[in-house]
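Here is how the chains run, residue by residue.
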Amino acid sequence: MEKNKTSQDSIKILNRRSFIIIILGIFFSFVVAVRLFSLQILNFGFYKKKSVENKVSVKATPPLRGDIYDSNKNLLAGNTSFYEFVIYKNLNKNYLKEIKKINSLIGLNLNIDEIYKKLEKFNPYSAYTISKASWDQIVEFEKNKFLFTSIKIIESKKRFYPYKNLSQIIGYVGSSSDSSYLYPKGIFHIEKGYEKHLKGSPGKIFNEVNSKGKIVREISIENPIKGKDLHLTINLELQNYSQSLLPISNKGSIVIINRLDGSILSMNSNPTFDAQIFEDKDNDKINELLNDSSKPLFNRAFSGFYPPGSVFKPIPALLGLQKNLINETTEVVCKGHSSINDRNYYCWKKKGHGRVNLKKAIRESCDVYFYELAKKTNINDLANLATNLGLNQKYNLGLSNAQKGLVPDKKWKRAFLDEGWYLGETLITCIGQGYNLTSPLQLANLYSALLNGGKYPQPRINKNSEIEYLGKPFENNFQKILIDSLKAAVQEPTGTAFKLNNLHPDFVKIGGKTGTSQVVRIKEEEREDDLYKTKEIEDRFKDHSVFVGYAPLDNPKYIASVIIENGGSGSAVAAPIAHKALNFAHSLNV
């Protein structure tokens with residue numbers, strides 16, 4: 001009995017163990033089945049892709065950037081070929097000897113040790129660039145080509161900038177700090193602002209490779225797609241001519257726009273730079289440029305902000321007319337200064353202008369007339385009108401470093417200086433001094449607004465962009481008063497720019513306004529010193545020379561804005577430059 005009982009117990013234990021084993025077997029079979037289902041059904045696409053990647057290498061090929069043209073289809077930025085010496089380690093195990101050989105034979109001036117260190121970790125089946133190749137070096141290499149098995153010459157593409165004076169508009173390309181961005185991208189100005197438009201799409205080369213990464217065969221190619229071309233409103237001929245007008249001895253700028261559609265026809269800044277040095281990676285010249293105290297990279301026409309001086313005066317004049325503070329016959333007696341309490345505010349003409357109405361005030365640029373008008377002017381109203389006429393605004397043209405400038409008001413001063421506004425500050429603001437800061441492009445746009453009666457085309461540099469209008473129309477009779485006054489400033493004998501007619505009597509007739517932007521404040525005792533004006537003043541303390549003009553006189557199309565830093569009188573320096581530029585634009589019929 002005991003033996004049968006023992007046997008039965010053994011069978012029960014065996015059955016229990018068998019059951020557990022069967023259950024575990026079923027469980028693990030289920031797990032394996034689920035895993036196989038996941039691998040072969042659910043994630044088939046993913047693992048198929050991984051499998052292909054293990055035997056197929058994909059090499060991206062860079063696209064050509066779109067070309068940039070002026071308004072007449074002259075090439076301003078394009079693509080050109082360049083050549084490099086490269087080495088493939090897998091083609092010769094003694095590749096280091098070949099590097100030393102080509103260095104001595106052709107005179108590449110290579111850092112052999114540095115190249116060797118980098119090559120140690122470099123993929124033997126990929127091309128490693130050891131040097132640029134000039135045409136003479138290529139010829140010499142071809143003569144001795146039989147000496148080299150691992151060194152080859154390859155052709156690549158780079159950006160080409162044929163015109164130095166357009167560098168502050170076109171900009172340049174360079175390497176991205178973003179490691180995911182494989183190819184050069186726009187770094188500055190138009191190249192950066194229109195990156196998406198210009199960059200294109202990369203191609204792909206699919207190669208079958210073995211376990212060591214060596215290419216076995218080429219499978220297929222997807223060609224890169226070139227970026228879209230960009231056509232600018234800039235006229236190359238006018239751009240080159242305008243650059244030649246800027247004095248080499250002074251920093252300065254000139255902008256010419258079409259007041260009918262807002263097109264920027266030329267935009268020049270001095271000094272300028274050559275964008276090609278960035279593309280050629282000429283480090284010595286790049287460092288020299290970056291350390292140049294004259295700041296050649298700085299586009300003074302677009303990003304340079306200065307007190308506008310008297311070219312600002314039409315704004316308080318228009319506000320005075322709109323608020324019924326003055327009319328065209330309102331007169332002020334100018335004795336050379338105006339006063340608030342014990343503080344004198346001086347006119348540029350020491351003996352005064354006598355009896356002055358609005359037309360005479362603009363024609364002869366009488367400061368006292370505008371001081372008296374300022375005493376009745378609300379600074380907030382003035383700032384609002386200036387903004388409506390195109391100042392105090394940022395222009396997003398695709399250029400770098402866009403700023404809005406400044407026409408001050410009470411809120412601004414409280415926010416940034418934590419001070420209240422004083423009436424005396426309204427006086428100097430109304431003559432374009434004080435906190436006022438405007439760029440040459442903004443001033444050209446201001447006069448576009450005045451000539452267009454308040455509603456004006458937004459400035460644009462992309463020829464294919466739509467024309468958009470800004471601003472609000474103002475009264476036609478007020479526009480006529482202002483335009484008659486601006487005509488008189490150039491065409492009537494007492495006008496501040498009348499001498500232009502004697503300098504170039506055969507040029508197109510123009511209207512406009514001179515300005516002198518004060519750099520340092522002249523002390524009262526210096527004003528009383530008759531010898532002060534004969535004293536030599538350091539160049540950096542001289543006033544900026546300003547002029548904004550338009551042509552033709554009776555049906556304006558072109559507006560030129562000129563600022564010459566530390567150039568002195570607007571009528572003597574900036575006005576003749578603007579007149580020449582306007583005449584040239586008119587003769588071209590741009």
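Attention here is on the structure that accompanies the text.

Thresholds, definitions, all that
Position numbers for residues count from 1 along each chain, tracking the sequence in the order it is written. Side-chain atom pairs in this predicted model are given and counted only at pLDDT of 80 or more, local residue features only at pLDDT of at least 70, and totals for whole chains, interfaces and linings cover all residues. Side-chain numbers here rest on the full set of heavy atoms in the structure, without hydrogens or water. Burial classes follow relative accessibility: with a 1.4 Å probe on protein chains only, a residue under 20% of its type's maximum area counts as buried, one over 50% as exposed, and anything between as partly exposed. The numbering of helices and of strands both runs from the N terminus, where a helix is a DSSP run of H or I of at least 4 residues and a strand a run of E of at least 2. Whether two residues are in contact is decided by their heavy atoms: any pair within 4.5 Å suffices. Here an axis means a line fitted to C-alpha atoms, over the contact stretch when the element is a helix, while the angle between two N-to-C directions is reported on a 0 to 180 degree scale. Two helices crossing with the near one rotated counterclockwise from the far one by less than a right angle form a left-handed crossing, whereas a clockwise rotation gives a right-handed crossing. Any carboxyl oxygen of Asp or Glu that lies within 4 Å of a side-chain nitrogen of Lys or Arg is treated as forming a salt bridge with it. An angle below 35 degrees is read as roughly parallel, one above 145 as roughly antiparallel, one from 65 to 115 as roughly perpendicular, and any other as oblique. Asp, Glu, Lys and Arg are counted as charged, while Ala, Val, Leu, Ile, Met, Phe, Trp, Tyr, Cys and Pro are counted as nonpolar; the rest, among them Gly, fall into the polar class. Should DSSP find at least two bridges between two strands, the strands are taken to pair. Each pair of aromatic rings taken from Phe, Tyr and Trp, with Trp reduced to its six-membered ring, is defined by centres within 6.5 Å and is described as stacked if the planes are under 30 degrees apart, edge-to-face if over 60, and tilted in the remaining cases.

Before going further, it helps to examine helix H13 (residues 314–322). Most of H13 sits out of view: eight of its nine residues are buried. Within H13, the full set of buried residues consists of Pro314, Ile315, Pro316, Ala317, Leu318, Leu319, Gly320 and Leu321. Where the residues of H13 are buried, they touch helix H14 (358–363), helix H15 (367–374), helix H16 (379–388), helix H18 (423–430), helix H19 (440–451) and helix H20 (476–491). Positive phi shows up at Asn324, right after H13, with a value of about 60°.

Attention now goes to unusual backbone geometry. Glycine aside, residues mostly have negative phi, and peptide bonds are mostly found in the trans state. At the junction of Asn270 and Pro271, the peptide bond is cis and its omega measures out at 0° in the coordinates. Considering the arrangement of structural elements, one finds Pro271 in the loop between strand S12 (264–270) and helix H10 (276–279). Geometrically, the link from Ala551 to Pro552 is a cis peptide bond, its omega value of -10° lying close to zero. Even without glycine at this site, Asn341 takes up a positive phi of about 55°.

Once that is clear, we can look at the packing of H13 against H20. Contact pair H13 / H20: the axes reach a minimum separation of 10 Å and the direction vectors enclose 150°. Of the two possible hands of crossing, H13 and H20 adopt the one that is right-handed. Each of Pro314, Ala317, Leu318, Leu321 and Gln322 in H13 lies in contact with H20, whose residues at this interface are Phe478, Ile481, Leu482 and Leu486.

Tallied over the entire structure, the rule returns 23 salt bridges. Among the salt bridges present, the one from Asp229 reaches Lys226, with a minimum N-O distance of 3.9 Å. For Lys480, the salt bridge is made with Asp484, and the minimal N-O distance between the two is 2.9 Å. Separated by four residues within a single helix, Lys480 and Asp484 lie in helix H20, roughly one turn from each other. Residue classification places Lys480 among the exposed positions, given a relative accessible area of 54%. Assessed through its relative accessible area of 27%, Asp484 is described here as partly exposed. When salt bridges that share partners are traced, they join Arg65, Arg159, Glu191 and Glu195 into one network.

Attention now moves to the packing of helix H3 (residues 95–107) against helix H5 (residues 135–143). Contact pair H3 / H5: the axes reach a minimum separation of 10 Å and the direction vectors enclose 120°. It follows that H3 is oblique to H5 by the angle criterion. For the pair H3 and H5, the crossing hand works out as right-handed. Contacts between H3 and H5 involve Ile102, Ile106 and Gly107 on the former and, on the latter, Gln137, Glu140 and Phe141. Taken together, the residues that form the contact of H3 with H5 break down as three nonpolar, two polar and one charged.

For the rest of this paragraph, the subject is the pairing of strand S8 (residues 203–209). Burial of the side chains of S8 is restricted to one face: Gly203, Ile205, Asn207 and Val209 are buried, whereas none of Lys204, Phe206 and Glu208 on the reverse face is. Two strands pair when backbone bridges link them, and strand S1 (residues 56–61) and S8 are joined in this way by six bridges, in the antiparallel orientation. Residue pairing across strands places Ala60 opposite Lys204, the latter belonging to S8.

Spatial ordering of the open sheet is given by S12-S11-S21-S20-S19, a layout of five strands whose pairing is antiparallel. In this open sheet, the two strands that pair with only one neighbour each are S12 and strand S19 (511–517). The sheet shows a mean angle of 5° between the axes of neighbouring strands, direction not considered. Strand contacts of helix H9 (residues 236–245): strand S11 (252–258) and S12, with the helix running at about 30° to S12, the strand carrying the most contacts. In this fold helix H23 (residues 570–588) packs onto S11, S19, strand S20 (544–551) and strand S21 (558–564), with an angle of close to 30° to the strand it touches most, S20.

Our focus in this paragraph is the packing of aromatic side chains. The geometry of an aromatic ring pair is captured by the separation of the ring centres together with the interplanar angle, meaning the angle of the planes. Tallied over the full model, the rule gives 13 aromatic pairs. Ring geometry for Tyr172 against Phe278: centres 3.9 Å apart, planes inclined by 0°, an arrangement best described as stacked. Of the two residues, Tyr172 is situated in the loop between helix H6 (167–170) and strand S6 (173–174) and Phe278 in helix H10; the sequence distance between them amounts to 106 residues. Looking at Tyr172, the relative accessible area reads 11%, which means it is buried. The exposure class of Phe278 is buried, given its relative accessible area of 14%. Members of the aromatic cluster, connected to one another through ring pairs, are Tyr172, Phe188, Phe273 and Phe278.

As far as function goes, none of this settles anything; it's purely spatial.
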